[in-house]
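One letter stands for each residue in the lines below.
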Amino acid sequence: MIPVIRLGFPVKVRGARLRSHDSRRWQNQPHLSVSLAYVRDILEYLHTRQIHCYRLAGQLAPYSTHPALPQFHNQIDDCARELAAIGDLARLYNIRLTLHPGFYIQLSSPHRDQVARAAQELGNAAALLDAMGLDDDSVIVVHVGGKHEDGEASRTRFAQAHEKLPARVRRRLALENDDRLFGMDDLVWIHRRTGVRLVLDVLHHACYNPRGYSLEAALTAALATWPAGQTPKIHFSTSRTELRVLMRQGTPVLQMPLPNQHSDFINPFEFIHFVQMAQRIANRPFDIMLEAKAQDLALLRLRAQLAHFAPELLAHIR
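Described in the following lines is the structure provided in the data block.

Rules of the game
- Residues numbered from 1 in each chain as written.
- Predicted model: local features only at pLDDT ≥ 70, side-chain atom pairs only at ≥ 80, totals over all residues.
- Heavy atoms only, no water.
- Helix = DSSP H or I, 4+ residues; strand = E, 2+ residues; numbered from the N terminus.
- Rg over C-alpha atoms; globule rule 2.2 N^0.38 Å.
- Buried < 20%, exposed > 50% of the residue type's maximum accessible area, 1.4 Å probe, protein only.
- Contact = heavy atoms within 4.5 Å.
- Areas by Shrake-Rupley, 256 points an atom, 1.4 Å probe, with all protein chains shown as cover.
- Lys, Arg positive; Asp, Glu negative; His and termini not counted.
- Charge placed at Lys NZ, Arg CZ, Asp CG, Glu CD.
- Core = buried A, V, L, I, M, F, W, Y, C linked by side-chain atoms within 4.5 Å.
- Axes fitted to C-alpha atoms, helices over the stretch in contact; angles between N-to-C directions.
- Left-handed = near helix turned anticlockwise from the far one by under 90°.
- Parallel < 35°, antiparallel > 145°, perpendicular 65-115°, else oblique.
- Nonpolar A, V, L, I, M, F, W, Y, C, P; charged D, E, K, R; others polar.
- Salt bridge = Lys/Arg side-chain N within 4 Å of Asp/Glu carboxyl O.
- Pairing = 2+ DSSP bridges.

1. What about the overall build of the protein chain?
1) Next: Helix and strand content of the protein chain: 12 helices and 10 strands.
2) Next: The C-alpha atoms of the protein chain give 20 Å as radius of gyration, which agrees with the globular expectation for 318 residues (20 Å, within 12%).
3) Next: Along the three orthogonal principal directions, the C-alpha set of the protein chain runs to about 55 × 55 × 45 Å.
4) Next: Counting all 318 residues of the protein chain, 51% fall into the buried class.
5) Next: Once local pairs closer than 6 in sequence are excluded, the contacts in the protein chain between residues at least 24 apart make up 76%.
6) Next: Of the roughly 15100 Å² of accessible surface on the protein chain, 52% is carried by carbon and sulfur atoms.
7) Next: In the protein chain, 38 side chains carry a positive charge and 31 a negative one; their mean positions are 2 Å apart.

2. A word on the nonpolar core
Generally speaking, nonpolar side chains in soluble globular proteins are found buried as a group.
1) Next: Counting 84 residues, the largest nonpolar core has Leu97, Phe271, Phe274 and Ile288 as the members making the most contacts within it.
2) Next: Look past the residues within four positions of leucine 97 in its chain and what remains in contact with it is Leu43, Tyr54, Leu56, Ile86, Ala90, Met132, Leu134, Ser138 and Val139.
3) Next: Among the nonpolar cores identified, the runner-up in size contains five residues, and Val139, Ala174, Val199 and Trp226 belong to it.

3. What to know about the packing of helix H5 (residues 151-164) against helix H7 (residues 184-194)
1) Next: The N-to-C vectors of H5 and H7 enclose an angle of 35 degrees; their axes lie 10 Å apart at closest approach. Of the two elements, H5 crosses H7, and the hand of that crossing is right-handed. On H7, the residues touching Arg155, Thr156, Phe158, Ala159, His162 and Glu163 of H5 are Asp186, Trp189, Ile190, Arg193 and Thr194.

4. Quick notes on the packing of helix H9 (residues 215-223) against helix H10 (residues 268-281)
1) Next: The interhelical angle for the contact between H9 and H10, taken along N-to-C directions, is 55 degrees, at an axis separation of 10 Å. With respect to each other, H9 and H10 are oriented oblique. Seen from above, H9 lies across H10 with right-handed handedness. Contacts from Leu215, Glu216, Leu219 and Thr220 of H9 reach H10 at Phe274, Met277, Ala278 and Ile281.
2) Next: Looking at the contact of H9 with H10 residue by residue, the classes come out as six nonpolar, one polar and one charged.

5. Quick notes on the side chain of aspartate 137
1) Next: Structurally, aspartate 137 is set in the loop between helix H4 (112-131) and strand E4 (140-143).
2) Next: In this structure aspartate 137 touches Arg96, Thr98, Gln230 and Thr231, once residues within four positions along its chain are discounted.

6. Details of the pattern of salt bridges
1) Next: On inspection of all chains with the given rule, the structure shows 12 salt bridges.
2) Next: Across the salt bridge formed by arginine 24 and aspartate 22, the nearest N and O atoms sit 2.8 Å from each other.
3) Next: Measuring nitrogen to oxygen at the nearest pair gives 3.5 Å for the salt bridge that ties aspartate 264 to arginine 240. Of this pair, aspartate 264 sits in the loop between strand E9 (251-255) and H10 while arginine 240 sits in the loop between strand E7 (233-236) and strand E8 (244-248); the two residues are 24 residues apart in sequence, bridging distant segments of the chain.
4) Next: Aspartate 264 gets classed as partly exposed once you look at its relative accessible area, which sits at 28%.

7. Structural notes on unusual backbone geometry
1) Next: The phi angle at asparagine 94 is positive, at roughly 55 degrees, despite the residue not being glycine.
2) Next: Structurally, asparagine 94 is set in the loop between helix H3 (80-92) and strand E3 (96-98).
3) Next: By relative accessible area, asparagine 94 is classed as partly exposed at 44%.

8. Some thoughts on the sheet that holds strand E2 (residues 53-55)
Working definition: the strands of a sheet are paired by backbone hydrogen bonds and lie parallel or antiparallel to each other.
1) Next: The parallel open sheet is built from eight strands, whose spatial order is E3-E2-E1-E10-E7-E6-E5-E4. With one partner strand each, in any of the chains shown, E3 and E4 form the two edges of the open sheet. Taking each pair of neighbouring strands and ignoring which way they run, the sheet shows an average axis angle of 30 degrees.
2) Next: As paired elements, E4 and strand E5 (residues 173-176) share four bridges and run parallel to each other. Within E5, the position partnered with histidine 143 by the bridge is glutamate 176.

Now the structure itself:
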């Protein structure tokens, strides 16, 4: 059986004038209720374009964990009805919602206060998804964090910190390989000690793969960490090749692209090659989050290109 693949994109909607979250400064009293109104509009947009995976902005509830701004701490409770309605709409439209907090989530840190802060942020993110009534496919994707001069000690600290998280947070977590510090071999080591699900980032794997895992082996390992009944998630992007022109004090400066930078659009031939390989080894459906700077426009353009270059694949892609 050829597995069904759903495509998604993160946060920003380029094909319409839609905001992803309330980004106002605290002085202007931003609120989760405003963010959820934006998310409702995004879900309607996704439905009209038959897009079934979307990564929510990490700042939906602004300042909700800020220690110096307690007036923002009860937003999730205040918006219980609105959150439930968003979850109902996502289920109605069959849209998988996920989160991917920023670099400040450092469960591998040797500093207890930083780990505690990360645990608080993850607890808040899990509470958001729980309040929407979303199932275990709605994951919070994190990285291991910094190496802090000792990679083996850092991954051990991650595993230990993971085990101390509340069960409601652990059920939401998924761990992604990065482009310079922790590869798939590190993630497999952590999975064997914690059971955390793994998200393969294809571009990151190309950038950092010290043990020489083939892409097939990395994908097989990642898919196997997801329990039956849950849908694995993969991140796919292609490397930027365009020359960048930056303005520095009014003067244009040329900047060469870096291998780990995402391209504006997805290279269709690299994607086709990856999906053909994935279909040979995968025996279950999975989702692909397209990480391109053009966001939803990149997804829609890729679909159109698949219809031209690989129509036989498009029949199995949603």
